[in-house]
Amino acid sequence: MNDLLNQIRLVGEWLTSSAQWHGDDGIPHRLAEHLTYSGLSLLFATLIGLAFGLLVGHTGRGAFAVATVANLARAIPTFGLVVLVVTLAGLSTAPVLVALVALAVPPILINTFEGVRGVDPDARDAAKGMGMTGWEVLLKVEVPMALPLILLGLRVAAIQVVATATVAAYPGLGGLGRYIVDGLSRNDYQLVIGGSAVVVALALVVQALFTALRRAVVSPGLRPAAAKS
């Protein structure tokens, strides 16, 4: 118990030290780097996952292929992928982005596909009976009804990316993972735990933002289903 309290005290001292809030190694700078890697990765993954998830969910074609590709992508070890791409492509941000996109696509793709596919067929038929085109059915009926699952996939992907973006530090890049890598190399566990605490706090903030987003954009009638997710 005393060891735990001592670790908490040391982390508190590290977080409140003025040195941690200035310069290239300060928390604001490292956080900006971390958010840049995370944001770009999530953007690319969202474009890929939503596009294919909506297409396959709406048409019903390629469902087996989507499930297979998504499951294979889940099995890819992120750190191993970073090392492989760094070896092949050289030291740059590309390996980090490729690895994080590969990590984030599956939950977005699968949840979008399942959300659209699970829309009540009667709602589709009613929309078609009103003269809606295929695109109108997708955008005005299927997407709104699938929104709880789509947001769940985005939330899972965002939290995974934020937590895993620490791998950006391994090939020599920045981000919050720099504290963990540097701390381990120096046997400075105050730095390791402090950096880890900042990553956890960021993940909790992301969780809270998606919770607020769900409440803002999901139809009240669909919120019970979203809450179960």
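Residues numbered from 1 in each chain as written. Predicted model: local features only at pLDDT ≥ 70, side-chain atom pairs only at ≥ 80, totals over all residues. Heavy atoms only, no water.

Student: Even after reading the chapter, I still don't get the overall build of the chain, so can you show me in this structure?
Tutor: Broken down by element type, the chain carries ten helices and zero strands. Across the chain, helices and strands are ordered from the amino to the carboxyl terminus as α-α-α-α-α-α-α-α-α-α. Relative to its full complement of 229 residues, the chain shows a buried share of 42%. Excluding contacts between residues fewer than 6 apart, the proportion of contacts in the chain whose partners are at least 24 apart in sequence is 74%. Of the accessible surface of the chain, which amounts to about 12000 Å², a share of 68% is contributed by carbon and sulfur atoms. (Helix = DSSP H or I, 4+ residues; strand = E, 2+ residues; numbered from the N terminus. Buried < 20%, exposed > 50% of the residue type's maximum accessible area, 1.4 Å probe, protein only. Contact = heavy atoms within 4.5 Å. Areas by Shrake-Rupley, 256 points an atom, 1.4 Å probe, with all protein chains shown as cover.)

Student: Help me understand the pattern of salt bridges, please; the structure alone is not making it clear to me.
Tutor: One side chain can pair with another of opposite charge once the charged atoms of both are near each other. All told, the structure shown has six salt bridges when counted by the stated rule. Where aspartate 182 meets arginine 178, a salt bridge forms, and the shortest distance between an N and an O atom there is 3.1 Å. Taken together, the residues aspartate 182 and arginine 178, both in helix α8 (residues 177-186) and four residues apart, mark about one turn of the helix. Residue arginine 178 is classed as buried on the basis of its relative accessible area, which comes to 14%. Taken together, the shared-partner salt bridges in this structure form one network comprising Asp25, Arg30 and Glu33. (Salt bridge = Lys/Arg side-chain N within 4 Å of Asp/Glu carboxyl O.)

Student: Explanation requested: the UniProt feature "transmembrane region" (unreviewed entry) in the chain in the structure shown.
Tutor: Look at the UniProt record and you will see "transmembrane region" (unreviewed entry) annotated at residues 35-57, 78-105, 145-170 and 191-213. Helix makes up 77% of residues 145-170 and strand 0%, and the two end C-alpha atoms of the span are 41 Å apart. Between the first and last C-alpha atoms of residues 191-213 the distance is 33 Å; the span itself is 100% helix and 0% strand. (UniProt positions renumbered as here; feature names shortened; annotations may be inferred.)

Student: I would appreciate a short explanation of helix α2 (residues 27-59) in the present structure.
Tutor: Owing to its 3.6 residues per turn, the α-helix aligns residues three or four sequence positions apart on the same side. Taking 1.5 Å of rise per residue, the 33 residues of α2 would be expected to cover 48 Å, and the 46 Å separating its terminal C-alpha atoms lies within 8% of that figure. A positive phi of about 80 degrees marks glycine 60, the residue just after α2. (Expected span 1.5 Å × (residues − 1).)

Student: Just checking my understanding: could you explain a nonpolar patch on the surface for this structure?
Tutor: Judged by side-chain polarity, Leu40, Leu43, Phe44, Leu47, Ile48 and Phe52 come together as a nonpolar surface patch covering roughly 540 Å² of accessible area. Considering the arrangement of structural elements, one finds phenylalanine 44 in helix α2. For phenylalanine 44, a relative accessible area of 36% translates into the label partly exposed. (Patch = residues over 30% accessible without salt bridge, like charges linked within 9 Å, V, L, I, M, F, W, Y side chains within 5 Å.)

Student: So what exactly am I meant to see when it comes to the confidence of the model for the chain here?
Tutor: When pLDDT is low, close inspection of the predicted coordinates is not appropriate. Per-chain confidence: the chain averages 83 in pLDDT, with 90% of residues scoring 70 or above. Mean pLDDT in the chain bottoms out at helix α10 (residues 223-228), which sits at 50, and peaks at α2, which reaches 92. Low pLDDT (under 50) marks residues 225-229, which in the prediction has six contacts with non-local residues, meaning those over four places away or in another chain. (pLDDT = per-residue confidence, 0-100.)

Student: Got a minute to help me understand the packing of α2 against helix α7 (residues 134-164) in this structure?
Tutor: Two measures define how a pair of helices packs: the angle their axes make with one another and the distance between the axes. As a packed pair, α2 and α7 sit with axes 10 Å apart at the nearest point and diverge in direction by 145 degrees. By crossing handedness, the relation of α2 to α7 is classed as right-handed. Taking contact as the criterion, the partners of His34, Ser38, Ser41, Leu42, Thr46, Leu50, Leu54 and His58 in α2 are, on α7, Gly134, Leu138, Glu142, Val143, Ile150, Leu154, Ala157, Ala158, Val161 and Val162. For the contact of α2 with α7, the class distribution of residues is eleven nonpolar, six polar and one charged. (Axes fitted to C-alpha atoms, helices over the stretch in contact; angles between N-to-C directions. Left-handed = near helix turned anticlockwise from the far one by under 90°. Nonpolar A, V, L, I, M, F, W, Y, C, P; charged D, E, K, R; others polar.)

Student: For this particular structure, what's the right way to read unusual backbone geometry?
Tutor: Excluding glycine, residues mostly have negative phi values, and the peptide bonds linking residues are mostly trans. Residues other than glycine seldom take positive phi values, yet asparagine 187 does so here, at roughly 60 degrees. When you line up the elements, asparagine 187 lands in the loop between α8 and α9 (189-217).

Student: Can you help me understand helix α5 (residues 94-117) in this one?
Tutor: Relative to the 34 Å expected for 24 residues at 1.5 Å per residue, α5 spans 34 Å between its end C-alpha atoms, a close match to the ideal helical length. Of all bends in α5, the biggest is about 30 degrees, found at valine 105, and the proline proline 106 comes one to four residues later. The buried count for α5 comes to 19 of 24 residues, which makes it a mostly enclosed element. (Bend = angle between axes of the 7 residues up to and from the residue.)

Student: Mind showing me how you'd approach the environment of alanine 146 here?
Tutor: Within the secondary structure, alanine 146 is located in helix α7. Each C-alpha atom, one on alanine 146 and one on phenylalanine 113, is 8.8 Å from the other, the two residues being 33 residues apart in sequence. The residues touching alanine 146, leaving out its near neighbours within four places in the chain, are Gly115 and Val116.

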